[in-house]
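# Survey of secondary and tertiary structure
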Amino acid sequence: MYLLVAVLCVSGGYVSAQAPAFCKNAECPQFNTISSNQNYAIRQYGPLTWATTSFVGQWKSNILGQLFGRLFNYIQGNNTLGQVMPMTVPVLTRIESAGQAGTKYTMHFMIPASNSRNIPGPVDPNVSLMTTPPATYYIRSFGGYANGQKSMSELQTLVNSINNPQTYDDNFFMTATYDSPSVKTNRHNEVWLQKIA
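Not measured: the values here are computed from a predicted model.

### So, the layout of surface pockets
Looking at the largest pocket, its volume works out to about 440 Å³. Residue lining of the largest pocket: 21 residues in total, with Phe68, Thr177, Asp179, Ser180 and Pro181 positioned closest to the centre. If one sorts the elements of the lining of the largest pocket by residue count, helix α1 (residues 63-75) sits on top with three residues. Among the residues forming the lining of the largest pocket, the class breakdown is 13 nonpolar, six polar and two charged. Considered as a void within the structure, the second largest pocket measures approximately 280 Å³ in volume. Together, 22 residues line the second largest pocket, and Trp50, Arg94, His108, Met130 and Thr132 are the ones closest to its centre. By residue number, the principal contributor to the lining of the second largest pocket is strand β3 (residues 48-57), which donates five residues. For the lining of the second largest pocket, a count of residues per class yields 11 nonpolar, eight polar and three charged.

Okay, here's the thing in structure tokens:
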């Protein structure tokens, strides 16, 4: 499997006075940290709302770029209101098996809070809006560029650190990227597993 990225929008009671430093100057989802150690944190997120797009098939080097492009066009005004929305972080991608069809890659952009009461609809039929209920995740953070090999290595470290496969959903995982490719230093990335017990 390769790098996956995704984005979350949070509302409700998951509000802190200050965004985490790794969000830098971008809007990012609020969360409660349940616990943390040197290998991972357990975070609880509220309802998540995002623009999303997917690809199912065998890995190709330009897949994530295509998915990003669809979502970027959406926030740049290719929507029913012709509205430009700010870029949020992280870009979150969910990766899961699609059986004989290959792998399903689903990328998400967080809907900014300023747009949450009147979210413009997508024009591109490959882009949709989705809201999910509160969820809790095991999250491992790491620096550098999150290519496929690095993300899989960090995911394996997270799995080994949890050391209890019955406590998370092993049907998918996610990675979150907080920086554009132009950022060379102090990069922040994450791999996520959804906690179920």
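More follows now that the structure is in view.
### Section: α1
The first and last C-alpha atoms of α1 sit 19 Å apart over 13 residues, in line with the 18 Å expected at 1.5 Å per residue. Where the residues of α1 are buried, they touch β3, β4 (91-97), β5 (103-110) and β6 (128-132). With its phi angle positive at about 120 degrees, Gly77 sits one or two positions after the end of α1.

### Topic: unusual backbone geometry
A cis amide bond, omega 0 degrees, links Val89 with the succeeding residue Pro90. Assignment of secondary structure puts Pro90 in the loop between α1 and β4. At Asn163, a position not held by glycine, the phi torsion is positive, near 55 degrees. By the element assignment, Asn163 lies in the loop between α2 (148-162) and β8 (172-177). The phi dihedral of Asn186 is positive, around 55 degrees, even though this residue is not glycine. Along the chain, Asn186 turns up in the loop between β8 and β9 (189-194).

### Notes on the nonpolar core
Core analysis: the biggest nonpolar cluster contains 28 residues, and Leu67, Tyr74, Met107, Tyr138, Leu158, Ile162 and Leu193 have the highest contact counts within it. Put simply, the parts of the chain that give this core at least two residues each are β3, α1, β4, β5, β7 (135-142), α2 and β9. The element contributing the most residues to this core is α1, with six residues. Listed in part, the 17 residues of the second largest apolar core include Cys28, Phe31, Leu48 and Val89.

### Looking at the pattern of salt bridges
On inspection of all chains with the given rule, the structure shows five salt bridges. Across the pair Lys24 and Asp179 runs a salt bridge, and its minimum N-O distance is 2.4 Å. Placement of Lys24 in the segment before β1 (31-36) and of Asp179 in the loop between β8 and β9 is noted, with a sequence separation of 155 residues between them. Classification of Lys24 by relative accessible area gives partly exposed; the value is 37%. For Asp179, a relative accessible area of 9% corresponds to the buried category. Connected through shared salt-bridge partners, Arg140, Lys150 and Glu154 make up one network.

### Some thoughts on the side chain of Thr88
If you trace the backbone, Thr88 turns up in the loop between α1 and β4. Here the side chain of Thr88 touches Met110 through a polar contact of 2.9 Å, landing on its backbone oxygen.

### A few points about the state of the cysteines
Within the structure shown, the criterion is met by one disulfide. The side chain of Cys23 participates in a disulfide bridge whose partner is Cys28; the two sulfur atoms lie 2.0 Å from each other. The sign of the S-S torsion, about 95 degrees, decides the handedness of the disulfide formed by Cys23 and Cys28: right-handed. Both residues of the pair, Cys23 and Cys28, belong to the buried class.

Reading the values: the criteria
Residues numbered from 1 in each chain as written. Predicted model: local features only at pLDDT ≥ 70, side-chain atom pairs only at ≥ 80, totals over all residues. Heavy atoms only, no water. 1 Å grid on protein atoms, 1.4 Å probe; cavity = no way out; pocket = protein on both sides within 12 Å on 5 of 7 lines; lining within 4 Å. Points joined across faces, edges and corners; volume = space filled by probe spheres on them. Helix = DSSP H or I, 4+ residues; strand = E, 2+ residues; numbered from the N terminus. Nonpolar A, V, L, I, M, F, W, Y, C, P; charged D, E, K, R; others polar. Expected span 1.5 Å × (residues − 1). Contact = heavy atoms within 4.5 Å. Core = buried A, V, L, I, M, F, W, Y, C linked by side-chain atoms within 4.5 Å. Buried < 20%, exposed > 50% of the residue type's maximum accessible area, 1.4 Å probe, protein only. Salt bridge = Lys/Arg side-chain N within 4 Å of Asp/Glu carboxyl O. Polar contact = N/O pair within 3.5 Å; in protein donor to acceptor, adjacent residues only side chain to side chain. Disulfide = S-S within 2.5 Å.

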